[in-house]
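# Residue-level structure breakdown
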Amino acid sequence: MKGRCAMDRPVQSIDNVRLTDAEDAVVILDQSLLPGRTEYRVLSDAESLREAIFSLRVRGAPAIGICAGYGMYLLARRIKTESVPEFLAKLRACKDYLDAARPTAVNLSWATARMVRRAGENAGRPVPEIVRLLGEECRRIQAEDAEMCRAISEHGLTLLRDGDGVLTHCNAGPLATSRYGTALGPLLLGTERGMRFRVFADETRPLLQGARLTTYELSRAGVDVTLICDNMASIVMKNGWVNACFVGCDRVAANGDTANKIGTSGVAILARHYGIPFYVLGPTSTIDRSCKTGAEIEIELRDPEEIRSKFYREPMAPEGVRCYNPAFDVTDHSLITGIVTERGVCRPPYTESLAALFSGGDDHKEGSYEHPVL
Ligand SMILES: CSC[C@H]1O[C@H](OP(=O)(O)O)[C@H](O)[C@@H]1O
């Protein structure tokens, strides 16, 4: 589906995922086709929603959560029953079906759980009223993410100076969120304010989110960006061109161990070697306190063809050669200088500083955010 240009709006708020006006489908910008093709997909059933998440047509932990929230509302509207218990049971089945698309990014299951929780809290109301409340909740998920990303960008910007060199890995910009992004947010916000940065974007094999998406977002925003192969991160750090590394996150454990795109832990080890600060940026919705350490985070394994041939005219390896294709790895908390959330910059020890984010007792407080000094 050819749609309005994804960049009709300021780059900080790419139109990457939304509900149709008729509320009968979720429309996504198909990120698997960028930067060459700007095409939208209309997701009108559970199968297309799950396929779009699995195939990274919509990707990035927050964007996946936003899409899943809209998807749960869409599917809830299709549940034809007046029995609340039957409605709730079928809604939970929708959650299980969508959650199975990708296991690592917590925002997927966090968003579907939030929708099921919202329905359960209102089990005393008639089904149509519950559905209406779910329509409000899915929109709140996207609106809150926009707030969180803006706050993350403000906090992240305090860590940078005009003219800094920043290395990024994968893509954690507006395409992966609701606006601004997490790792890229401070760079976009700072550029809006007249600051200049020199960004080195890891291409991020095998799916090349850095090459295809990060350079697309940053160059459109007028940010100086240089694309490098993943194996060049060391030399640009050694050359003294990098003042900080900024990466996103898909699941942060209670002790600060962080799952992010495969290759992130290698960047962190290099940064430590060269004495360069390494920051993880993400919303509190990506912190999973039920995971005590990164050892408990399930790492998604993907199709070997993504390594062998997905992006190349000619096969890059003999047909059928065995490949190992983990989509994420876990960066040990000891390698992380700070974790930037919408509520401030958390410093080690993360078991304490992350817990302090939730001192109000809830796993994720909706609405405005206090900004404690952490
Ligand atoms: C703002 S979260 C972005 C996060 O998600 C990416 O994974 P994927 O492209 O597989 O969805 C990557 O880990 C980014 O850091």
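Residues numbered from 1 in each chain as written. Predicted model: local features only at pLDDT ≥ 70, side-chain atom pairs only at ≥ 80, totals over all residues. Heavy atoms only, no water.

Looking now at the side chain of Arg 308. Relative to the elements of secondary structure, Arg 308 occurs in helix H10 (residues 305-308). By relative accessible area, which is 11% here, Arg 308 ends up buried. Separated by 2.5 Å, the side chain of Arg 308 and the backbone oxygen of Val 321 make a polar contact. Apart from residues no more than four positions distant in its own chain, Arg 308 is found in contact with Pro 315, Met 316, Ala 317, Pro 318, Gly 320, Val 321 and Cys 323. (Helix = DSSP H or I, 4+ residues; strand = E, 2+ residues; numbered from the N terminus. Buried < 20%, exposed > 50% of the residue type's maximum accessible area, 1.4 Å probe, protein only. Polar contact = N/O pair within 3.5 Å; in protein donor to acceptor, adjacent residues only side chain to side chain. Contact = heavy atoms within 4.5 Å.)

Let's shift gears to the state of the cysteines. Here the structure, examined in full by the defined rule, presents zero disulfides. Here Cys 245 stays free of any disulfide, with the sulfur of Cys 170 as its closest cysteine sulfur at 15 Å. What makes Cys 245 buried here is its relative accessible area of 0%. Residue Cys 346 stays outside any disulfide, its sulfur separated by 11 Å from that of Cys 249, the closest cysteine. Owing to a relative accessible area of 0%, Cys 346 belongs among the buried residues under this scheme. (Disulfide = S-S within 2.5 Å.)

With that out of the way, let us pick up the site of the ligand. Every one of the 19 residues lining the ligand counts as a neighbour, but Arg 59, Arg 102, Asp 250, Asn 260 and Lys 261 are closest to it. The separation between an oxygen atom of the ligand and a polar side-chain atom of Gln 209 is 2.9 Å. Bound to the protein, the ligand loses 100% of the 410 Å² it would expose on its own. When residues of the shell around the ligand are traced back to their parent elements, those giving at least two are helix H2 (61-76) and strand S9 (258-261). Looking at side-chain class alone, the shell around the ligand contains eight nonpolar, seven polar and four charged residues. (Near = heavy atom within 4 Å. Areas by Shrake-Rupley, 256 points an atom, 1.4 Å probe, with all protein chains shown as cover. Nonpolar A, V, L, I, M, F, W, Y, C, P; charged D, E, K, R; others polar.)

A word on unusual backbone geometry. Residue Pro 206 is bonded to the preceding Arg 205 through a cis peptide linkage, with omega at 0°. Looking at the secondary structure, you find Pro 206 in the loop between strand S5 (198-202) and helix H7 (209-220). For the peptide bond that leads from Pro 348 to Pro 349, omega is -10°, which places it in the cis range. As for its placement among the helices and strands, Pro 349 is situated in the loop between strand S14 (344-346) and helix H11 (350-357). Positive phi outside glycine occurs at Leu 56, with the angle close to 60°. Relative to the elements of secondary structure, Leu 56 occurs in the loop between helix H1 (46-54) and H2. Given the relative accessible area of 6%, Leu 56 is considered buried.

Parsing the chain into structural domains produces domain 1 (17-147) and domain 2 (153-356). Between the C-alpha centres of domain 1 and domain 2 there is a distance of 26 Å. Across the boundary between the two partners, domain 1 contributes 27 residues, which contact 28 residues of domain 2. The contact between domain 1 and domain 2 buries some 2200 Å² in all, and 53% of this surface belongs to carbon and sulfur atoms. Between the two partners, domain 1 and domain 2, sit one salt bridge. With a closest N to O distance of 2.9 Å, Glu 300 and Arg 102 form a salt bridge. Linking domain 1 with domain 2 are 17 residue pairs in polar contact (both at pLDDT 80 or more). If you list the elements that add at least two residues to the side of domain 1 that touches domain 2, you get H2, helix H4 (106-121) and helix H5 (127-157). (Domains from an automatic or database assignment. Buried area = accessible area lost by both parts, 1.4 Å probe. Salt bridge = Lys/Arg side-chain N within 4 Å of Asp/Glu carboxyl O.)

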